[in-house]
Amino acid sequence: MLLRFVSTALCIVAALAALPALAQKAHVPGGLVHEAEFQRLWAANGDRWAEEDEEIQAKLDALEKRFGKKPNIIHILWDDMRYGAVGHRLLTDVSGYEAPNLQRMAEEGMSLTRMYTEPSCTPTRVAAATGRLAVRSGMIFPIFPIHRMGLPGSEVTIAEVVDDTYHTGFFEKAHFGDQEEGYVHNQGWDEAIFSLYNQFAGQGFNGDAENQGYSIAYSPDGYDKKYFFDDSFRPLDWMWTVEGFEGEAPAKEFSTPTTFEEYQQANARMWERTKQFVRKHAGSTKPFMLQWWPNLYEVADESAMRPWTTQHATASAESIKRMDAKIGELFALLEELGIAENTIVVAMADNGPMVPIWPETGQNGFFRGGKNDVTEGGIRVPAFVKWPAVIEPGTVVGDIVHVSDLFNTFARIAGRYDQIPTDRVIDGIDQTALLVKGDKHGRRDYVFTYKGPALGSLVKQQFKRHFALSTGALAGAEFFDLYKDPREENPLMAEFLWTWAQFDHIVGRHRQQIEEYPHTPVARGVPYTGVERRADP
């Protein structure tokens, strides 16, 4: 009897899925090739959303008239933090972190409770910059020295989209790799000081880190004492940060630290340049867009981070506290320059905590897993938005947002939506309505998450399917209700068989679209071309 019921139910669901969506008169804004699932959502909701967009555009026009220019945009993106670690006292007292300025940002702005990222840093940063899942450009894992790979030059970044109407600056961690075509200043930013790799290489590839047990056998002390004859195995001739300006060549090596102190000094210099960028463009007739993606954390030398001043009592907690102080300094600078009200600031982590270096970066509490996992603990992060002219204080939204949505949203607010390319799939969704109108005005109810080249999970509404648990035959215990089981510890099967075919349809359309718009191969070649080496790196 149960099998007959399940069979009948599945047939009904499959028939409903085959019905055409309600025809809408409104076209997708910009004529973009959106991910297939959003195209289906637009087919059912497009007329309503298009009408809402007219109302939102009128508000944006009124704001531009009031301030004399479009809003400045600042995106702050840091590493490896669990959901709830910062922002709200009720939660931060559990984590033991101290970040009063991020707490104030949440109180005075908007908290995003369902901000999704990619599982690791390079993919998240690429998605933020291009509005596309990182798998589409081959940037599927964090790039380290010397991978000889990077962001393809054919990718179009948000800096290129807003290029003519905004001053653009990028400082600290890019992590786009070591290929010249992917350097930040070659991808649309007017000026940039950026790392090719991540901060772990910047602070860990030296003797100081070995003395602290943070790295093993990189320096000569760790070489094989009897049988060593290949001195090219270690990436000794690597490069960390580069300074470049759009249209100028060559770029210059900024810093490749050989001690922890040099690493800290390089970060301090980049922070000063970040503030200089804001001061320089605050009074311009053109607005500015700033990506400040700080090199968090500083953990390779605990002695340099003491004394512990937080309840968490780790170097990573001190790093968060120091970063938070800089965020406070940045907000104070915006107030001093009289531009705070017309500046959008988005602050967020790039993925969940790096569990293998516990207790640094902490463990997940609400969710299971961390960096490199497709569970909520790996991809659901703290995220906040402050836009005094628009967002009501203390706003909390439960709508789903993906980091790629920032690409479309920034383009819309900048008045450059028509510059988004239409020859490729764009995964980002314009979420301006969410910023302007608040909770329940989001336009995404799904998230694809890849782990490397493979699809790892799919969220649809409050439901989630893990494909690593799939048997390939009858659907197994691979489904979760995220409200009932946020830690994804109790996979279900029979209770969610009604979702089986629906998830299959979404994935099928996704894969069919990939056949029509194949992934771009990652850029590969000789590293560090177009960069002038420092005499004293």
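A brief look at the structure comes next. (Residues numbered from 1 in each chain as written. Predicted model: local features only at pLDDT ≥ 70, side-chain atom pairs only at ≥ 80, totals over all residues. Heavy atoms only, no water.)

Concerning the overall build of the chain
Here is step 1: Scanning the chain from terminus to terminus reveals 14 helices and 20 strands.
Here is step 2: A compact globule built from 537 residues would reach a C-alpha radius of gyration of about 24 Å, and the chain, at 23 Å, matches this within 12%.
Here is step 3: Viewed in the frame of its principal axes, the chain has a C-alpha envelope of about 70 × 65 × 45 Å.
Here is step 4: Scored against the burial criterion, the 537 residues of the chain give a buried share of 58%.
Here is step 5: When contacts within the chain are restricted to residue pairs at least 6 apart in sequence, long-range pairs at least 24 apart make up 71% of them.
Here is step 6: Total accessible area on the chain is roughly 21800 Å²; 55% of this is exposed by carbon and sulfur atoms.
Here is step 7: The centroid of the 54 positive side-chain charges in the chain is displaced by 3 Å from the centroid of its 74 negative side-chain charges. (Helix = DSSP H or I, 4+ residues; strand = E, 2+ residues; numbered from the N terminus. Rg over C-alpha atoms; globule rule 2.2 N^0.38 Å. Buried < 20%, exposed > 50% of the residue type's maximum accessible area, 1.4 Å probe, protein only. Contact = heavy atoms within 4.5 Å. Areas by Shrake-Rupley, 256 points an atom, 1.4 Å probe, with all protein chains shown as cover. Lys, Arg positive; Asp, Glu negative; His and termini not counted. Charge placed at Lys NZ, Arg CZ, Asp CG, Glu CD.)

Some words on helix H14 (residues 497–516)
Here is step 1: Here H14 is 20 residues long and its end C-alpha atoms lie 30 Å apart, about the 28 Å a rise of 1.5 Å per residue gives.
Here is step 2: Those residues of H14 that fall on the buried side of the exposure criterion are Leu497, Thr499, Trp500, Ala501, Phe503, Ile506, Val507, His510, Gln513 and Ile514. (Expected span 1.5 Å × (residues − 1).)

A short note on the pairing of strand E6 (residues 191–195)
Here is step 1: The buried fraction of E6 amounts to five of the five residues, a majority that puts the element mostly inside the structure.
Here is step 2: Examined bridge by bridge, E6 and strand E7 (residues 241–245) share five bridges and lie antiparallel to one another. Within the sheet, the bridge partner assigned to glutamate 191 lies in E7 and is phenylalanine 245. (Pairing = 2+ DSSP bridges.)

Some details on the packing of aromatic side chains
Here is step 1: Tallied over the entire structure, the rule returns 26 aromatic pairs.
Here is step 2: Ring geometry for phenylalanine 366 and phenylalanine 367: centres 6.4 Å apart, planes at 55°, overall tilted.
Here is step 3: Using a relative accessible area of 38% as the deciding quantity, one classes phenylalanine 366 as partly exposed.
Here is step 4: Given a relative accessible area of 4%, phenylalanine 367 falls into the buried group.
Here is step 5: Through a chain of ring-to-ring contacts, the aromatic side chains of Phe170, Phe176, Trp189 and Trp293 assemble into a single cluster.
Here is step 6: If you follow arginine 269 out to its NZ or CZ, it ends over the ring of phenylalanine 254, 4.1 Å from the centre. (Phe/Tyr/Trp six-rings, centres within 6.5 Å; stacked < 30°, edge-to-face > 60°. Lys NZ or Arg CZ within 6 Å of the ring centre and 35° of its normal.)

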